[in-house]
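In case you want the letters, here they are:
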Amino acid sequence: MTSMGMEIRRFESSTGARLYLIPVRAFPRLLANVYVVIQGEYAALIDTGSGHADSNADLEAGFLSLRRDWNEPVGWADLDRIVITHGHVDHYGGLPFVRGRSTAPVAVHALDRHVVEAPGEAMRRQAEGTARFLGVAGIEAATAQEVSGLFRASAAHMSPTEVATVMEEGETLDGRFEVIHTPGHAAGQVCLRLGDVLLCSDHILAHTHPRLTPAALEPHTGLAAYLSSLDRIAFLPGLRLGLGGHEEAVTDVYIRIGELRASHLSRLDQILALCAAPQTLAQIAAALYPDMRRGSALLLAVQAVATRVEYLVLQGQMSVSGEAVLHFVQK
Ligand SMILES: [Zn+2]
Ligand SMILES: [Zn+2]
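From a predicted model like this one, the values you see are computed outputs, not experimental measurements.

Engineer: Is there a simple way to think about the coordination of the zinc ion (ligand 1) in this case?
Structural biologist: Each donor-metal-donor angle in an ideal tetrahedron of four donors is 109.5 degrees, and each such angle in an ideal octahedron of six donors is either 90 or 180 degrees. At this site the zinc ion (ligand 1) is bound by His-86 (NE2), His-88 (ND1), His-185 (NE2) and Asp-202 (OD), with donor distances of 2.0 to 2.4 Å. Note that the zinc ion (ligand 1) binds four donor atoms; their angles at the metal cover 91 to 174 degrees, and the shape is irregular. Between consecutive donor residues of the zinc ion (ligand 1), the sequence gaps follow H-x1-H-x96-H-x16-D. A gap of 3.3 Å separates the zinc ion (ligand 1) and the zinc ion (ligand 2), which Asp-202 links by coordinating each metal.

What follows is the structure, given as structure tokens:
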């Protein structure tokens, strides 16, 4: 039984490829999109879901449905390629499950390669970085430890997968996918272009704006990188359709880029106004997101604030002081 939002959808590119969107339940409240791209004898899997039981079951059911309902006689053994669009667990966490069914070579961008090849280590480093970050943000130590413990818990059951192909900006993968490096949401995120269709991962989503982290916490992320990666896509002519890592297809990529830019720049004035006197990131987050006070919601709120504050500092509109805990004030 499929519910709304869980149906497979089929798209075609001007290059003659058929693209199937398979929605999977990556986490209890998060659907992720996995794509199967088929052209002639070639078949590629784009992302893998999270590896959680529901996510794997949905992916398995999706493959069965391709054969049964869509007249595509493609099974796991027919895959020629597995692409990971970026090193977030809702996209690569299913790799060990997929590896049990397919030996197709895995491709990922150089900057996210370490996440796929040593996910436990990457998560442990994220846990440490997060604890330090929440400390300088002015979150009390016990809460910071509790939040960073969420990463440690996931680190325990992540298995490594060997990467066969490291993707680079500007190359054409397998003679078909134009690789466009779009750092910001993740350091090694790529969009893949197939003629008039852009597999845009979490860079461009139809309804929400992607979560950003400050570049101080993770190099090649942050608002400045994200905005220039939006420009990178905005200046590519001839895109008809965007297929994101979550949510519906993006029917007008260029309009959506304008909305995302506006949405990410919003709150900058609000943050400046809040910082007439020096404020910690925790204080700004409490003022802007009063409902997001614990666990992963708290982390999201403080990261969202830190990303914008970092941008304002880079733009010369704010200055920073302090050592153990940082304070920010408008210039
Ligand atoms: Zn992501
Ligand atoms: Zn995602």
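Engineer: Please explain the pattern of salt bridges as it appears in this structure.
Structural biologist: Think of it this way: side chains of opposite charge can pair up when their charged atoms draw near. If you walk through the whole model with that rule in mind, you get 13 salt bridges. Residue Arg-10 pairs with Glu-12 through a salt bridge whose shortest N-O separation is 2.6 Å.

Engineer: How do you make sense of the coordination of the zinc ion (ligand 2) when you look at a structure like this?
Structural biologist: At 2.1 to 2.2 Å from the zinc ion (ligand 2) lie its protein donor atoms, namely Asp-90 (OD), His-91 (NE2), Asp-202 (OD) and His-246 (NE2). Of note is the zinc ion (ligand 2), whose four donor atoms meet at the metal with angles of 86 to 160 degrees in an arrangement that counts as irregular.

Engineer: Any chance you could explain the pairing of strand β4 (residues 42-46) here in plain terms?
Structural biologist: One face of the sheet, then the other: side chains in a regular strand alternate in exactly this way. Burial runs high along β4: five of the five residues are buried. As defined by bridge partners, β4 adjoins strand β5 (residues 81-83) across three bridges and the pair is classed as parallel. Counterpart to Leu-45 in the pairing with β5 is Ile-82. Handedness of the crossover joining β4 and β5 through helix α1 (residues 53-69): right-handed.

Rules behind the numbers
- Residues numbered from 1 in each chain as written.
- Chains lettered and ligands numbered in written order.
- Predicted model: local features only at pLDDT ≥ 70, side-chain atom pairs only at ≥ 80, totals over all residues.
- Heavy atoms only, no water.
- Donors = N, O, S within 2.8 Å, 3.2 Å for Na, K, Ca; no water.
- Tetrahedral: all angles 85-135°; square planar, octahedral: opposite > 155°, others 65-115°.
- Salt bridge = Lys/Arg side-chain N within 4 Å of Asp/Glu carboxyl O.
- Buried < 20%, exposed > 50% of the residue type's maximum accessible area, 1.4 Å probe, protein only.
- Helix = DSSP H or I, 4+ residues; strand = E, 2+ residues; numbered from the N terminus.
- Pairing = 2+ DSSP bridges.
- Right-handed = clockwise from strand over helix to strand, strands pointing away.

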